[in-house]
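So the chains spell out like this:
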Amino acid sequence: MNRSLHHLKTWPVAAIAMAVACSVSAQTPPPGNDSSTTTIAQAGGSTTATTPTTGPRMSGEGGYSLIPYSSRGYIGINAGRPDYDLDCGLGGFNCSDSSTSFNLYTGGMFNDYLGAEVGYVNLGKMRRGGGTSKAHGINLSLVGKLPLGAFNVFGKLGTTYGRTEVSASALSGISTGRASGWAGSYGAGVGYDLTPNSSIVLEWARYDMRFAGVGKREVNTTSLGYVHRF
């Protein structure tokens, strides 16, 4: 059987919006005094001077982040090609893998080398067995990064709550229906800084997705993306 490409169908990104709202609320700094008072002793009296100070940043040194307890936040979008570990079925039906995947995500760094991301992944749509197979989900990942001047290499390890839907002709022998659930994900890539606040990335990722009748199947993506840092 040929290895086919799958694509995910877009579903609402409400979970990301809720996570972002909660994160921003959690990281809003309490009101503080933006000045300090210094008393300087002088002959015959004293002088009080007020020295302005900088208030607390939203999430520490390096700018704010939408991920709690992190700094140096960023948002990104990747687009590429998915590769699904699914067969084409019987009956000589068209088996097309010419679809596009995309990933919309936000993240932040806990230190120079470790961070976290939350994102929505859509693997497009694959035609097989006289029908279509679709998959998409919400991804949570830890991110390890190694800076190398203007370049950096990174790896990701996490989990995805995925949803899939399969339709097909009864003559194809392909199980149809919907499935969902948590499964693992990981990936790696390289980034290049265009400016202090923007980068391009080349990334490979693997997502385990649950499909009706066959259980977990791997979906690989190779993508090119743009990242903007706050």
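Structure: see above.
Some words on the overall build of the chain
Along the chain, the regular secondary structure elements total one helix and ten strands. Per-residue burial over the chain gives 39% buried out of 230 residues. Within the chain, contacts between residues separated by at least 24 positions form 63% of all contacts whose residues are at least 6 apart in sequence. As displayed, the chain has an accessible area near 12100 Å², and 59% of this comes from carbon and sulfur atoms.

Observations regarding the nonpolar core
Core analysis: the biggest nonpolar cluster contains 13 residues, and Tyr 84, Leu 123, Ala 135, Tyr 207, Met 209, Phe 211 and Val 219 have the highest contact counts within it. Counting residues per element, this core draws most heavily on strand β9 (residues 198-211), which supplies four residues. Residues contacting Val 219, with those up to four places away along its chain left out, are Pro 82, Asp 83, Tyr 84, Leu 123, Ala 205, Arg 206, Tyr 207, Met 209 and Phe 211. If you look at the next biggest cluster of nonpolar residues, it comprises six residues, including Tyr 74, Tyr 105, Val 201 and Val 227.

What about the state of the cysteines?
Applying the stated criterion across every chain, the model contains one disulfide. Linked covalently through their sulfurs, Cys 88 and Cys 95 form a disulfide whose S-S length is 2.0 Å. A torsion of -75° about the S-S bond marks the disulfide between Cys 88 and Cys 95 as left-handed. A relative accessible area of 14% means that Cys 88 is categorised as buried.

Basis of the calculations
- The residue numbers shown here count from 1 along each chain, following its written sequence.
- Under the rules for a predicted model, residues below a pLDDT of 70 receive no local features and side-chain atom pairs below 80 are neither given nor counted, while totals for whole chains, interfaces and linings still include all residues.
- Water and hydrogen atoms play no part in the side-chain values, which are based on all heavy atoms of the structure.
- Numbered from the N terminus, helices here are DSSP runs of H or I no shorter than four residues, and strands are runs of E no shorter than two.
- Exposure is judged per residue with a 1.4 Å probe applied to protein chains only, and the accessible area is read against the type maximum: over 50% gives exposed, under 20% gives buried, and values in between give partly exposed.
- Should any heavy atoms of two residues lie within 4.5 Å, those residues are counted as being in contact.
- Per-residue and other accessible areas were derived by the Shrake-Rupley procedure at a 1.4 Å probe size, with only the shown protein chains allowed to occlude residues.
- In these notes, a set of buried Ala, Val, Leu, Ile, Met, Phe, Trp, Tyr and Cys residues joined through side-chain atoms within 4.5 Å is what counts as a nonpolar core.
- Note that a disulfide, as used here, is simply two cysteine sulfur atoms within 2.5 Å.

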